Amino acid sequence: FVLHLLWPLEVESFMGVMFDGVELNVAMLCRRMADGRGSVLFFVPSHFQMLCGSVELAKVDSLRLVMTAGEALSARLLRSFAVIFPDTALWNVYG
């Protein structure tokens, strides 16, 4: 987990940390990602599934990589993601 916190520094980037509770407000989370030009997301699959079901996520046009870990990634979620973001990479770093 520490590697994920230090990685943005290694590639001369920045990390946006959300306020507590923002992760449960899909509209606010997507708006913050879009405003900050977020390009990499890191979520557990169950939380990412909630985001993939929202129309707000499709407005985040700066997204280039999504990483998931901590749980199994379902084929259904993978297919949903591919429809919304056909040109965005998805890394499943679970186990």
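### Focus on the packing of helix α3 (residues 45-52) against helix α4 (residues 75-84)
Each pair of packed helices can be described by the angle between their axes along with the distance between the axes.
Line of reasoning, step 1. Relative to each other, α3 and α4 sit at 40°, their axes nearing to 10 Å. Between α3 and α4, the interaxial angle falls into the category oblique. As α3 packs across α4, the resulting crossing turns out to be left-handed. Counted together, Pro45, Phe48, Gln49 and Cys52 of α3 and Leu77, Phe81 and Ile84 of α4 form the full contact between these two elements.
Line of reasoning, step 2. Within the contact of α3 with α4, the residues separate by chemical class into six nonpolar, one polar and no charged.

### Some points on the confidence of the model for the chain
Line of reasoning, step 1. Per-residue confidence for the chain averages 80 on the pLDDT scale, and 84% of its residues sit at or above 70.
Line of reasoning, step 2. Highest mean pLDDT in the chain belongs to strand β3 (residues 89-92) (91); lowest belongs to helix α1 (residues 2-10) (68).

### Focus: the nonpolar core
Note on soluble globular proteins: their nonpolar side chains tend to be buried together.
Line of reasoning, step 1. Counting residues in each nonpolar core, the largest one holds 18 residues, and the members touching the most others are Cys30, Met33, Leu41, Phe48, Leu51 and Leu57.
Line of reasoning, step 2. When residues of this core are traced back to their parent elements, those giving at least two are α2 (26-35), β1 (40-43), α3 and α4.
Line of reasoning, step 3. Look past the residues within four positions of Leu41 in its chain and what remains in contact with it is Met33, Leu57, Leu63, Leu65, Val66 and Met67.

### Things to note about the packing of aromatic side chains
Line of reasoning, step 1. One pass over the full model with this rule turns up three aromatic pairs.
Line of reasoning, step 2. Geometrically, the ring pair formed by Phe81 and Phe85 is tilted, given 5.9 Å between the ring centres and 35° between the ring planes.
Line of reasoning, step 3. Residue class for Phe81 comes out buried when judged on its relative accessible area of 3%.
Line of reasoning, step 4. Members of the aromatic cluster, connected to one another through ring pairs, are Phe43, Phe48, Phe81 and Phe85.

Quick notes on the rules
- Residues numbered from 1 in each chain as written.
- Predicted model: local features only at pLDDT ≥ 70, side-chain atom pairs only at ≥ 80, totals over all residues.
- Heavy atoms only, no water.
- Axes fitted to C-alpha atoms, helices over the stretch in contact; angles between N-to-C directions.
- Helix = DSSP H or I, 4+ residues; strand = E, 2+ residues; numbered from the N terminus.
- Parallel < 35°, antiparallel > 145°, perpendicular 65-115°, else oblique.
- Left-handed = near helix turned anticlockwise from the far one by under 90°.
- Contact = heavy atoms within 4.5 Å.
- Nonpolar A, V, L, I, M, F, W, Y, C, P; charged D, E, K, R; others polar.
- pLDDT = per-residue confidence, 0-100.
- Core = buried A, V, L, I, M, F, W, Y, C linked by side-chain atoms within 4.5 Å.
- Buried < 20%, exposed > 50% of the residue type's maximum accessible area, 1.4 Å probe, protein only.
- Phe/Tyr/Trp six-rings, centres within 6.5 Å; stacked < 30°, edge-to-face > 60°.

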